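Given next are the chains, with one letter for each unit.
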Amino acid sequence: MSLPGDPVRPGERSRWKGDACVRFDDSLKTVLAADVSTSFGARAAFRQLVDLIGRRRAPADPELLDRVRALAAAVPVSVRAACARGLALADPPTALIAIFAADEPQVASAVLRAARLDPEEWEALLPRLTPHGRSVLRDRRDLPPIVVRALESFGSTDFVLSHDVAGAAAPVTPAPPPAVAAALPPANDIAPPETQAPAAERFEIAELVHRIEAFQRERAAAAPQPVATPPAEVVAFRFETDVSGTIRWVDTGPRGAIVGLSLRHDHGTPSVDGVAAGAFRKRSGFADARLQIPGESALAGDWRISGVPVFDSATGSFLGFRGRARRPRVEEDAAAPLRAHGGPGAEGLRRLVHELRTPTNAIAGFSELIEQELLGPVAPPYRDRAATIRRHVAELIGAIEDLDLAARIEGDALDLRPGRVAVSTLLSRVAHDLAPLAGLRGGGLALPPAGEAAWSTDPHAAERLVSRLLATVLAAVAPGEMLAVRVEPAGDAVALSVDRPAALVGRDEATLLTLDDEDAGEDEGAPLLGAGFALRLARNLAGELGGRLVFGADRLTLTLPAALNGSMGQASTYAP
């Protein structure tokens, strides 16, 4: 019943009675009256009928279910699999699920991965499933415990290899192939058993075996040797993951090369980059992330993947990801190699940084004017909001400066001017600048006593390097954690080392340098571009300054050339 002006859905007819309109859903009648004599008509009727029953707009009575079975025989497997996947967004009845579950493995897998039934319905359906269908359900982690126990009861039949007992009881000796029979001696050349001595019988059997072996050797030598053909190249595939981010289904083979890989970074060696891992943690879509498949199969190598999260339409719970993968194009590389020095990428990045710096500085200046009430009185809430904006813009300016520095290093355009840098003075200045970050994280830096150690390098670049390095490790400290900083001579250089925070202990250099998108910006005070980017920038800048950054087991050590003009004393270590 509806009121005048309400829209009429497709497949419905309206009839007015007085001031009200009564709607009749004749979608089922239209589907049943459709012409299914052609392949196109059968596919269309099958899709529409499955959709009506799956969304409970048509009853799941025996007549309609028989119609579905009859149409399924005339519909390709790919269409039936697509309809089965479409039922994941509906609430189909058990009888319809049973029809798809009895179909081909790819059709049954598609419907059983997302089917939602009551425990009683599962118990009634399990005996009707094939061992493959029950194996699909064993991979699910959202089934009720009573269904899991019911699945375990089928282990005695699902995990047993079948064999033909009757055939085993009466073995039949196969006749030799025609080619082998031609190589054997005539039957009349062998004496009958009753007239032949045992020794002669043994001799004839041995000779027969030798003839068979000789014939097999000759045939193997004459047969052309098979040429090993490389596996056919796969250029794209579709995949689905479970709730934990593990890939459980792909639409092409060899499936063993990719099934089991994860979108997460906390299980062994990561297979995807930080874009995919960060999107999985945030349950958001991603595009053109990097995937590395190990091995020598047709799927091995570099891929670009895109995916979207899937949620239960009834409960809203997260079900996993669905996506597509493709091979990298010619102009892109899934491993993201560094561009050549002075290439167009570095120059373009420097122009972009220049375009970003001007409006960002304007926003920072205007927010500071509002915060300090230089343009007139401002209400406290607006002053607080302006202070927040200024703080965020300051972080953005720091990220822009880092991008500019990385572009200059990559483009070999870094302007360095030699000078003398007192390490103790530099540490005091940097620690003062990082005091707000230390207060935000609840930790701090334990600086060594003042000494005379000095570096021979560009003062501005050295301060930038030390500031970025200490800010990165300080952003990872836990409340109450203090990081000891040491300054020690190292031959003709001076080494500055800092303890690793507990959050970074146990990670090797490769793992630290890839802590990018999945952790960027999630913790308060964390580097805006990620800890991995900041550490890579510090390592590259140290190399430009004639030093190096070493990732030790429990400490990070920065070594730069020592100043030659002036005495250099050894700074004593300081323990907090």
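Check the entry above for the structure.
1. Notes on the overall build of the protein
No. 1: Looking only at helices and strands, one finds 21 helices and 14 strands in the protein.
No. 2: In the protein, of all internal contacts separated by at least 6 residues, the share reaching a separation of at least 24 is 60%.
No. 3: For the protein, the accessible area works out to roughly 32400 Å², and carbon and sulfur atoms hold 57% of it.

2. Side note on helix H4 (residues 77–86)
No. 1: Among the residues of H4, Val79, Arg80, Ala81, Cys83 and Ala84 are the ones counted as buried.
No. 2: Turning to H4, the residues buried within the fold contact helix H2 (39–54), helix H3 (62–72), helix H5 (94–101) and helix H6 (105–112).

3. Overview of a negative patch on the surface
No. 1: Together, Asp118, Glu120, Glu121 and Glu123 make up a negatively charged patch on the protein surface.
No. 2: Counting through the fold element by element, Glu120 comes out in helix H7 (residues 119–125).
No. 3: With a relative accessible area of 56%, Glu120 lands in the exposed category.

4. Some details on the side chain of Thr472
No. 1: Within the fold, Thr472 resides in helix H19 (residues 459–474).
No. 2: Apart from the residues lying within four places of it in its own chain, the contact partners of Thr472 are Pro527, Ala531, Ala534 and Leu535.

5. Observations concerning empty space enclosed by the protein
No. 1: Applying the stated rule across the entire model yields one cavity of 30 Å³ or more.
No. 2: Estimates place the volume of the largest cavity at around 40 Å³.

6. Structural notes on the pairing of strand E12 (residues 493–499)
No. 1: The buried fraction of E12 is high, at seven of seven residues.
No. 2: Judged by which residues are buried, E12 turns out to be covered on both faces: Ala493, Ala495, Ser497 and Asp499 on one side and Val494, Leu496 and Val498 on the other are all buried.
No. 3: Inspection of the sheet shows strand E11 (residues 482–490) paired to E12 by six bridges, in the antiparallel sense. Among the inter-strand pairings, Pro489 is bridged to a residue of E12, identified as Val494.
No. 4: Between the end of E11 and the start of E12, which pair antiparallel, lie two residues, with Gly491 showing a positive phi angle near 70 degrees.
No. 5: The pairing of E12 with strand E14 (residues 555–561) spans seven bridges and is classified as antiparallel. What sits directly across from Ala493, in E14, is Pro561.

7. Here's the deal with the pairing of strand E3 (residues 236–241)
No. 1: In the sheet, E3 pairs with strand E7 (residues 318–326) via five bridges, with the strands oriented antiparallel. Following the sheet pairing, Arg238 is matched in E7 by Arg324.
No. 2: In this structure, E3 lies alongside strand E4 (residues 247–250), joined through three bridges in antiparallel fashion. When the sheet's bridge partners are listed, Glu240 is paired in E4 with Trp249.
No. 3: Linking E3 to E4, which pair antiparallel, is a turn of five residues; within it Gly245 sits at a positive phi near 90 degrees.

8. A few points about the nonpolar core
No. 1: The biggest cluster of nonpolar side chains holds 45 residues, and the ones touching the most others in it are Leu427, Trp455, Leu465, Val466, Leu470 and Leu558.
No. 2: Considering every element that reaches this core, the biggest residue donor is H19, with nine residues.
No. 3: In this structure Leu558 touches Trp455, Leu465, Val466, Leu469, Val494, Ala495, Leu496, Ala542, Arg548 and Leu549, once residues within four positions along its chain are discounted.
No. 4: Formed by 42 residues, the second largest nonpolar core is a distinct cluster that contains Val50, Ala72, Ile99 and Leu137.

9. Some points on the side chain of Ser424
No. 1: Tracing the backbone shows Ser424 in helix H17 (residues 423–433).
No. 2: Judged by relative accessible area, Ser424 falls into the buried class, the value being 18%.
No. 3: From its side chain, Ser424 meets the backbone nitrogen of Gly451 in a polar contact 2.9 Å long.
No. 4: With residues near it in sequence (within four places) discarded, Ser424 still touches Pro449, Ala450 and Gly451.

10. A look at unusual backbone geometry
No. 1: A positive phi angle, close to 60 degrees, is found at Arg56, a residue other than glycine.
No. 2: Among the structural elements, Arg56 can be located in the loop between H2 and H3.

11. With respect to the packing of H3 against H5
No. 1: Viewed as axis vectors pointing N to C, H3 and H5 meet at an angle of 20 degrees, and their least axial separation amounts to 11 Å. Here H5 runs roughly parallel to H3, going by the angle between their axes. Considering the relative orientation of H3 and H5, their crossing is right-handed. Across the interface between the two elements, Leu65, Val68 and Arg69 from H3 touch Ala95, Leu96 and Ile99 from H5.
No. 2: Looking at side-chain class alone, the contact of H3 with H5 contains five nonpolar, no polar and one charged residues.

12. Topic: the pattern of salt bridges
No. 1: What the rule picks out here adds up to 16 salt bridges.
No. 2: A salt bridge links Arg113 to Glu240, with the nearest nitrogen and oxygen atoms 3.6 Å apart. One end of the pair, Arg113, is in the loop between H6 and H7; the other, Glu240, is in strand E3, and 127 residues separate them in sequence.
No. 3: Assessed through its relative accessible area of 25%, Arg113 is described here as partly exposed.
No. 4: The residue Arg322 makes a salt bridge to Glu240 at a minimum N-O spacing of 3.6 Å. Linking Arg322 in strand E7 with Glu240 in strand E3, this pair joins segments that are 82 residues apart in sequence.
No. 5: Salt bridges linked by common partners bring Arg113, Glu240 and Arg322 together as one network.

13. Observations regarding the sheet that holds E3
No. 1: Strand order in the open sheet formed by five strands is E4-E3-E7-E6-E5, with antiparallel pairing between adjacent strands. Each end of this open sheet is capped by a strand with a single partner; those strands are E4 and strand E5 (286–293). Shown here is a sheet whose adjacent strand axes are inclined to one another by a mean of 35 degrees, direction ignored.
No. 2: As judged from the six bridges shared by E5 and strand E6 (residues 301–311), these two strands associate in the antiparallel manner. Pairing of Ala289 across the sheet is with Ile305, part of E6.
No. 3: Sitting on the sheet, helix H14 (residues 274–282) touches E5, E6 and E7, and the angle it makes with E5 is about 120 degrees.

14. Considerations on the packing of H2 against H4
A pair of packed helices can be characterised by two numbers: the angle between their axes and the separation between those axes.
No. 1: Put simply, H2 and H4 touch, their axes get as near as 10 Å, and they point 20 degrees apart. Considering their axes alone, H2 and H4 lie roughly parallel with respect to each other. Seen from above, H2 lies across H4 with right-handed handedness. Contacts between H2 and H4 pair Arg43, Phe46, Arg47 and Val50 from the former with Val79, Arg80, Ala82 and Cys83 from the latter.
No. 2: Within the contact of H2 with H4, the residues separate by chemical class into five nonpolar, no polar and three charged.

Rules used in this analysis
- Residues numbered from 1 in each chain as written.
- Predicted model: local features only at pLDDT ≥ 70, side-chain atom pairs only at ≥ 80, totals over all residues.
- Heavy atoms only, no water.
- Helix = DSSP H or I, 4+ residues; strand = E, 2+ residues; numbered from the N terminus.
- Contact = heavy atoms within 4.5 Å.
- Areas by Shrake-Rupley, 256 points an atom, 1.4 Å probe, with all protein chains shown as cover.
- Buried < 20%, exposed > 50% of the residue type's maximum accessible area, 1.4 Å probe, protein only.
- Patch = residues over 30% accessible without salt bridge, like charges linked within 9 Å, V, L, I, M, F, W, Y side chains within 5 Å.
- Salt bridge = Lys/Arg side-chain N within 4 Å of Asp/Glu carboxyl O.
- Lys, Arg positive; Asp, Glu negative; His and termini not counted.
- Charge placed at Lys NZ, Arg CZ, Asp CG, Glu CD.
- 1 Å grid on protein atoms, 1.4 Å probe; cavity = no way out; pocket = protein on both sides within 12 Å on 5 of 7 lines; lining within 4 Å.
- Points joined across faces, edges and corners; volume = space filled by probe spheres on them.
- Pairing = 2+ DSSP bridges.
- Core = buried A, V, L, I, M, F, W, Y, C linked by side-chain atoms within 4.5 Å.
- Polar contact = N/O pair within 3.5 Å; in protein donor to acceptor, adjacent residues only side chain to side chain.
- Axes fitted to C-alpha atoms, helices over the stretch in contact; angles between N-to-C directions.
- Parallel < 35°, antiparallel > 145°, perpendicular 65-115°, else oblique.
- Left-handed = near helix turned anticlockwise from the far one by under 90°.
- Nonpolar A, V, L, I, M, F, W, Y, C, P; charged D, E, K, R; others polar.

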